[in-house]
There are 2 protein chains.
Amino acid sequence: MGRKGMLLIGHGSKLRYNKELIETTAELIARKSDEYIVKPGFMSINTPSVEEQLEAFRKEEIDMLVVVPLFLARGVHIDRDIPEILRLPEGSRRGTFQANGRTIPLIYANPIGSDPLLAELMLKNASDAIAELND
Amino acid sequence: MGRKGMLLIGHGSKLRYNKELIETTAELIARKSDEYIVKPGFMSINTPSVEEQLEAFRKEEIDMLVVVPLFLARGVHIDRDIPEILRLPEGSRRGTFQANGRTIPLIYANPIGSDPLLAELMLKNASDAIAELND
C-alpha cells in the first residue's frame with residue numbers, strides 16, 4: 001500500500017493571510033502524517049491553482065487522491081465549482097484520477113463544518129487571548 | 001469569580017451553512033465549558049447581529065467578555081470592522097465593556113489561523129471521507 005495524495009484547497013485572497021493559513025496547514029498535516037503527500041492549491045488569486053496541483057499529482061506515486069477543502073462551510077465553491085474541476089459524477093463525492101498511467105480513486109472530503117475539534121479550537125483561541133491580554 | 005461571556009462572531013451568508021456552523025459551534029462550546037455564556041452573532045445578512053448580541057450581554061452577570069471570530073484568517077472584517085464595533089483602542093485587542101452597570105474587560109481573540117488542531121481536523125475530514133466513500 002503506497003501513499004495517498006492530499007490536495008488541500010484554499011479560497012485564495014488578495015491579502016496574504018488565507019494563503020499563509022493554507023500553506024502552513026499543509027505543512028502541519030505533512031508533519032503529522034506519513035500517510036499523505038500534501039499539496040496546497042487555490043481557487044482564485046493565489047498560486048499554485050487547484051488545476052496546477054492536480055497536474056503535479058499526476059506524477060506522484062499515489063494510490064488515491066483525497067481532496068480536502070479548507071473552507072468553513074458549504075457554498076458555491078464547495079457544491080459546484082470544485083466538483084466541476086474534479087469532474088465528479090453529478091451529486092457524487094467519489095471519482096477517479098489518472099496518476100502515473102493508472103486510474104486511482106479520487107475522494108472529495110467535506111469542508112470544516114461543525115465539529116467538536118472546532119469548538120475546542122475556539123476555546124483555545126479564547127483562553128490564549130485572555131492569558132496574553134488580561135495582565 | 002463569575003462566568004465569562006463569549007461572543008462568537010460569524011460572517012453570515014445568504015446560504016444557510018455559515019449560520020448553521022456558527023450556531024452549532026456555539027452550542028458545542030457551551031456544552032464543553034461551564035466557564036462561558038456563549039452567544040453567536042453575525043456581521044451581515046443573518047441575525048442576531050453582533051450589535052444585538054452585545055446588547056444582550058449587557059444584562060448578563062459576566063466578569064469579562066471574550067469576542068471570538070469564527071473566521072479562517074485575518075481580513076477586513078477582522079482587522080477593521082469588528083474592532084470598530086467593539087470600540088477597541090487603535091491597534092489594541094483589549095478594551096472595556098459595560099455590563100450590569102459595571103465596567104469589565106473585553107478581550108478580542110484571534111480567528112482560527114494555523115494551528116495543529118486545524119491540521120488534525122483536516123486529517124479527520126479526509127479519513128472520514130475515505131471510510132465513507134471508498135467501499
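Procedures and definitions
- Residues numbered from 1 in each chain as written.
- Chains lettered and ligands numbered in written order.
- Predicted model: local features only at pLDDT ≥ 70, side-chain atom pairs only at ≥ 80, totals over all residues.
- Heavy atoms only, no water.
- Helix = DSSP H or I, 4+ residues; strand = E, 2+ residues; numbered from the N terminus.
- Buried < 20%, exposed > 50% of the residue type's maximum accessible area, 1.4 Å probe, protein only.
- Contact = heavy atoms within 4.5 Å.
- Salt bridge = Lys/Arg side-chain N within 4 Å of Asp/Glu carboxyl O.
- Least-squares fit on C-alpha atoms with pLDDT ≥ 70 in both.
- Core = buried A, V, L, I, M, F, W, Y, C linked by side-chain atoms within 4.5 Å.
- Axes fitted to C-alpha atoms, helices over the stretch in contact; angles between N-to-C directions.
- Parallel < 35°, antiparallel > 145°, perpendicular 65-115°, else oblique.
- Pairing = 2+ DSSP bridges.

A few words on the environment of A:Asp81. Residue and element names in this part refer to chain A. If you trace the backbone, aspartate 81 turns up in helix H3 (residues 76–85). By relative accessible area, which is 17% here, aspartate 81 ends up buried. The spatial distance from the C-alpha of aspartate 81 to the C-alpha of methionine 43 is 8.8 Å, given a sequence separation of 38 residues. Sequence-distant contacts of aspartate 81, that is, excluding residues within four places in its chain, are made with Met43 and Val76.

The full count for this structure, using the stated rule, is 22 salt bridges over all chains. In this structure, the salt-bridge partner of A:Arg93 is B:Glu132, at a minimum N-O distance of 3.4 Å. Of the two residues, A:Arg93 sits in the loop between H3 and strand E4 (94–99) while B:Glu132 sits in helix H4 (residues 116–133), which places them in two different chains.

What follows covers the relation of the copies chain B and chain A. Overlaying chain B on chain A yields an RMSD of 0.0 Å, the required transformation being a rotation through 180° with an accompanying axial translation of 0.0 Å. Put plainly, the chains are arranged around a two-fold axis. When the interface residues of chain B are mapped onto chain A, 100% of them again lie at the interface, so the same face is used by both copies.

Moving on: the nonpolar core. Ranked by size, the top nonpolar core spans 60 residues in total, and within it A:Leu70, A:Ile112, A:Met122, B:Leu70, B:Ile112 and B:Met122 carry the most contacts. Non-local contacts of A:Ile112, meaning those with residues more than four positions away in its chain, are made with A:Pro69, A:Leu70, A:Phe71, A:Leu72, A:Leu118, B:Leu72, B:Leu118, B:Leu121, B:Met122 and B:Asn125.

In this section: the packing of helix H1 (residues 17–32) of chain A against H4(B). Contact geometry of H1(A) with H4(B) gives a least axis separation of 9 Å together with a crossing angle of 70°. Classified by the angle their axes make, H1(A) and H4(B) are roughly perpendicular. Contact residues: H1(A) offers A:Leu21, A:Thr25, A:Leu28, A:Ile29 and A:Lys32, while H4(B) offers B:Pro116, B:Leu118, B:Ala119, B:Glu120, B:Met122 and B:Leu123.

Here we take up the sheet that holds strand E4 (residues 94–99) of chain B. Residues and elements named next belong to chain B. Pairing is mixed across the open sheet formed by 5 strands, whose spatial order is E2-E1-E3-E5-E4. Edge positions in the open sheet fall to strand E2 (36–42) and E4, since each of these has one partner strand only. This sheet shows a mean twist of 25° between the axes of neighbouring strands, independent of strand direction.

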